[in-house]
Amino acid sequence: MKEGIVKWKSPSNIALVKYWGKHGRQLPSNPSISFTLSNAHTITEIQYQRSDQELVRPSVQFTFEGETKPAFETKIVAYLESIKEDLPLIKQHKFKIASSNSFPHSSGIASSASSMSALALCLLSIEQELHDRENIDFNKASMLARLGSGSASRSVFGPLAIWGDTTISNASSNEYAIPFGESFDPVFNDFHDDILIVSKKEKSVSSTAGHALMENNPYALNRFEQAHKHLEELNQAMTTGDIETFGLIVEKEALTLHALMMASTPPYMLMEPNTISIINEIKEFRTSKYIPVYFTLDAGPNIHMLYPHKYLTEIAKLKQHLSQYCQDGTILDDHVGQGPQKLS
Ligand code: PMV
């Protein structure tokens, strides 16, 4: 085949046990687990065309939501260059890539997980078409997504995925994520994750810089051990449907992530005053109303509010109250999803 078009929709994810610290070729220092989301997603389309001669540099024309974005295009070229030995078709094809996100670009939501997984899935679909294979190689898609952004490896699978060697699964790997949680209590199948946007500003310290600072963090080794233990405990809690233990571990993970940032050299803080106000309000609501609602955080000030579907009505009132702490009152509703989808 000389040319063709492939298109994927791929979601973001929220880590319950966090990946923080890496080595080698983007390998994680500890295993992580995440809920794959649904509403927050990227749609990417690639038109590919065979080149008459082997390309010295990857050939890419990139548009984001209909507009050219030279800075993004440069990053994609560098990414494709870094994986061209893993996927030789990059040396023989020219690409026109068009991408869009379901969430506003400057909403404070990291788009690397959804965008890198959508891109990797498109590339693997091209490989599938060129080799006339029946299915795409999802492990390889996850591996290539990982090389773009570590957390993107987990977005290739839903509703939950683990990435990194762990005792809870013999199939787990540092190279790629795997789907997980078949034996989990059904309460987690339709868990909600509403994202409270405390700030839409770009983070002052990127995740890449944050991972690098773990190298000299005096607590790093204890942290990596703790993540293994948390994963085992979380696996147990989610299997038995113990939401209270689930919530305890997930909140401890979020605060540990930010404590590691505060204990880095140089130290830094990504939480904002309103992040802490929301955390306190969620705890107060949980204890006074006996409703299992918990928070987690990414590497930023925004709060992910996690709760079972059956409390939707009660939580709607809490959200109305919490919107005062959010920039422009922005709250993005999301929930656990089934993973990426190939679009025709
Ligand atoms: O995928 P990266 O390199 O942007 O790192 C993401 C790290 C966290 O979001 C903080 C945690 C995680 O496991 O997703």
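**Concerning the domain arrangement of the chain**
Next up, step 1: Examined at the domain level, the chain breaks down into domain 1 (3-181) and domain 2 (187-335).
Next up, step 2: Between domain 1 and domain 2, the C-alpha centre-to-centre distance is 25 Å.
Next up, step 3: Taken together, the contacts link 31 residues of domain 1 with 41 residues of domain 2.
Next up, step 4: At the boundary of domain 1 with domain 2, total buried surface from both sides reaches about 3,000 Å², with 67% on carbon and sulfur atoms.
Next up, step 5: When residues of domain 1 are sorted by the area they lose upon contact with domain 2, Leu-16, Lys-18 and Trp-20 head the list and together hold 26% of the total.
Next up, step 6: Where domain 1 packs against domain 2, one counts 0 salt bridges.
Next up, step 7: Of all the secondary-structure elements, those providing two or more residues to the side of domain 1 that touches domain 2 are β1 (3-17) and β4 (32-50).
Next up, step 8: In terms of residues, the side of domain 1 that touches domain 2 owes the most to one element, β4, which gives 8 residues.
Next up, step 9: Residue classes in the side of domain 1 that touches domain 2 are distributed as 16 nonpolar, 12 polar and 3 charged.

**Points about the sheet that holds strand β12 (residues 303-307)**
Next up, step 1: Read across the open sheet, the 4 strands follow the order β11-β12-β10-β13; overall the sheet is antiparallel. Only two strands of the sheet have a single partner each, and these edge strands are β11 (294-297) and β13 (331-332).
Next up, step 2: Looking at chain direction, β11 and β12 are connected through 4 bridges and run antiparallel. Pairing of Tyr-294 across the sheet is with Leu-306, part of β12.
Next up, step 3: On the sheet, helix α7 (residues 243-262) packs against β11 and β12 and is oriented at approximately 30° with respect to β11.

**So, the site of the ligand**
Next up, step 1: What surrounds the ligand is a group of 13 residues, the closest being Tyr-19, Ser-149, Ser-151, Arg-154 and His-211.
Next up, step 2: One nitrogen or oxygen atom from the main chain of Gly-150 is found 3.5 Å from an oxygen atom belonging to the ligand.
Next up, step 3: In the complex, 91% of the free accessible area of the ligand, which totals 380 Å², lies under the protein chains.
Next up, step 4: Residues that form the shell around the ligand fall into these classes: 5 nonpolar, 5 polar and 3 charged.
Next up, step 5: Residues from two domains meet in the shell around the ligand; each of domain 1 (3-181) and domain 2 (187-335) gives at least three.

Parameters and conventions
- Residue numbers run consecutively from 1 along every chain, following the written order of its sequence.
- In keeping with the model being predicted, local features are shown solely for residues with a pLDDT of at least 70 and side-chain atom pairs are shown and tallied solely at 80 or more, while totals for entire chains, interfaces and linings include all residues.
- Hydrogens and water are ignored here; the side-chain numbers use all heavy atoms of the structure.
- Segmentation into domains, and thus their bounds, comes from an automatic or database assignment.
- Working rule for contacts: check all heavy atoms of both residues, and any pair within 4.5 Å makes them a contact.
- In this description, buried area is defined as the sum, over both parts, of the accessible area (probe of 1.4 Å) that is lost when the two are combined.
- Salt bridge, as used here, is a side-chain nitrogen of Lys or Arg placed within 4 Å of a carboxyl oxygen of Asp or Glu.
- Secondary structure elements are taken from DSSP: a helix is a run of H or I of four residues or more, a strand is a run of E of two residues or more, and numbering for both begins at the N terminus.
- Gly is placed with the polar residues, together with every amino acid not listed as nonpolar (Ala, Val, Leu, Ile, Met, Phe, Trp, Tyr, Cys and Pro) or charged (Asp, Glu, Lys and Arg).
- Between any two strands, pairing holds if DSSP finds at least two bridges.
- Convention adopted: a line fitted to C-alpha atoms gives each axis, helices being fitted over their contacting stretch, and angles between N-to-C directions are expressed from 0 to 180 degrees.
- One heavy atom within 4 Å of a molecule or strand is enough for the residue carrying it to be called near that molecule or strand.
- N or O atoms within 3.5 Å of each other form a polar contact, as long as, within protein, one can give a hydrogen and the other can take it, and as long as residues adjacent in sequence are counted only when both atoms are side-chain atoms.
- Per-residue accessibility takes into account occlusion by the displayed protein chains alone, with areas from the Shrake-Rupley method and a 1.4 Å probe.

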